[in-house]
Amino acid sequence: MTIEDLTPALAAPSMSAVRTTFLALDRTVASVGADCRSIAATLGALSDALDTITQGGGSGQQWVGAGLVGLPIAGAIKAARSLAGQYVKQQTGVPLPVWTELVVSSSAQFEAYLDRLEAVAAVSRRHHAAALQPGVDDQRVLLDARHETQAWKQVLGRVAQLGQLVDAILDAQRADEPAPDAGGFAGSVRSGSAFSGSVRTRLKEVQSRTMEKSGDLREWVLQPFVELRDRVRLLPRQIEHLAREVALLEVLLELEIAELRACLGQVPPAEARIVGLRVAAAVVLPELAERLADARRQAQDHRTYLDRLEDGRRSGAIDARTHAVLAAEYRAGLDGALAELAAVEAQADRWRREGPAVLRAGLDWVELELAVVAARALTEQRTTDERRVLLQREHERLTEAGRALAAL
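Keep in mind the model is a prediction, meaning the values are calculated, not measured. (Residues numbered from 1 in each chain as written. Predicted model: local features only at pLDDT ≥ 70, side-chain atom pairs only at ≥ 80, totals over all residues. Heavy atoms only, no water.)

Brief notes about the overall build of the protein chain
Argument step 1. The helix and strand inventory of the protein chain stands at 15 helices and zero strands.
Argument step 2. Each of the 408 residues in the protein chain was classed as buried or not, and the buried ones make up 41%.
Argument step 3. In the protein chain, the share of contacts with a sequence separation of at least 24, taken over all contacts with a separation of at least 6, comes to 83%.
Argument step 4. Roughly 20,800 Å² of accessible area belongs to the protein chain as shown, and the carbon and sulfur atoms make up 53% of that amount. (Helix = DSSP H or I, 4+ residues; strand = E, 2+ residues; numbered from the N terminus. Buried < 20%, exposed > 50% of the residue type's maximum accessible area, 1.4 Å probe, protein only. Contact = heavy atoms within 4.5 Å. Areas by Shrake-Rupley, 256 points an atom, 1.4 Å probe, with all protein chains shown as cover.)

As structure tokens, then:
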């Protein structure tokens, strides 16, 4: 069966398919955004911790400005920076300032990417909420998101390695070296003949309390890294999950951009039919499977509520008036769920009959495109990794859709 032979309702581009793709895109953007915010929070906290011993700590001038009490803290910062720098360079092969710049720049890139995701989400929600005609501006937002995603995702591998940095700094904390000499502070107190006895006593109390609360001041300076250790160790797993979500996001962006171009008449009819086919198989079918599962779940939930309500009435736990109110509510909910289930089941029946041909045609197209990419790389002697990776992810999406079709 050729693409031209497929049922138009399944293979032709349509505004309904555009809105369905925007719905899937919005949900994926929300998932990617949640992961990004979690990782960005860790990066921000790590940046603050590094700032204490590098940029913010500097030479400890802000602590010196705080008076005599700040002197041992300034010394602890200086010692921690020196020792941490040695361990980081020795264990990772990368200087501490380079790691610091990586954390700062990565944090900024994550924050900027979250803004880009919000722009995509705004377009998606607008189209899903109303039957709007796609515009060039919408297409530009998606194109910008696709390009920025390709650039931004390069930082993920480096972020996943930040555990090396924190481990090296904590090894520095465990190093068996003396804490910074607080003699400057004590000497100042002892030699401060200009101070009255009561002032000297108060300064000694401040010194004593500071040392009692912080213990080894070097450990106090590095304590934020101890608190961050578990969060940073989660980064590889978080990045792995995020990378999978981003791969799906790229496929959906690619398909939605292609759909908008088809709806705007920017591609030939033959290419538009291929776009419709790809969207039907990779987006409409998985979304239908989700809707079917949700409709079945809603219907079953309301049946369960009614059964429990009847049990409560028979046992006397629920009186007649309360029973009447809730029974009307649950029956109305069940009627609505059954109506939705019937509508979705009708679509599912059509997919059960005609969907296998759509999926086969979609897989054939992707496999041909992958073969073309491989042949182009061979004959033109240039890499096309981005295109190849995107096609492979679309192939995976179609395979997942095949499993969804079998489960309808």
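That was the structure; now back to the text.
Some details on the confidence of the model for the protein chain
Argument step 1. Averaged over every residue, the pLDDT of the protein chain is 82; the share at 70 or more is 78%.
Argument step 2. Contacts of residues 56-71 to residues separated by more than four positions or lying in other chains number 24 contacts, the stretch itself having pLDDT below 50.
Argument step 3. Counted against residues more than four places away or in other chains, residues 209-215, with its pLDDT under 50, gives four contacts. (pLDDT = per-residue confidence, 0-100.)

Considerations on the environment of Leu-277
Argument step 1. For Leu-277, the location among the structural elements is in helix α13 (residues 269-315).
Argument step 2. Residue Leu-277 is classed as buried on the basis of its relative accessible area of 0%.
Argument step 3. Sequence separation of Leu-277 and Ala-361 is 84 residues, and the distance between their C-alpha atoms is 7.8 Å.

Some remarks on the packing of aromatic side chains
Argument step 1. Counted under the stated rule, the structure contains three aromatic pairs.
Argument step 2. Considering the side-chain rings of Phe-110 and Trp-152, the 5.3 Å spacing of their centres and the 75° angle between planes classify their relative orientation as edge-to-face. Of this pair, Phe-110 sits in helix α5 (residues 96-129) while Trp-152 sits in helix α6 (residues 136-152), and the two are 42 residues apart along the sequence.
Argument step 3. Judged by its relative accessible area of 0%, Phe-110 is buried.
Argument step 4. On the basis of an interplanar angle of 5° and a centroid distance of 4.0 Å, the ring pair of Tyr-113 and Trp-152 is categorised as stacked. Of the two residues, Tyr-113 is situated in helix α5 and Trp-152 in helix α6; the sequence distance between them amounts to 39 residues.
Argument step 5. Overall, the relative accessible area of 1% leaves Tyr-113 in the buried class.
Argument step 6. Clustering of aromatic rings is evident, with ring pairs tying together Phe-110, Tyr-113 and Trp-152. (Phe/Tyr/Trp six-rings, centres within 6.5 Å; stacked < 30°, edge-to-face > 60°.)

Brief notes about helix α12 (residues 235-263)
Side chains of residues three or four places apart in an α-helix project in the same direction, reflecting 3.6 residues per turn.
Argument step 1. Compared with an ideal rise of 1.5 Å per residue, which puts 29 residues at 42 Å, α12 spans 41 Å between its outermost C-alpha atoms and is within 8% of the ideal.
Argument step 2. Gly-265, located one to two residues past α12, shows a positive phi value of around 70°. (Expected span 1.5 Å × (residues − 1).)

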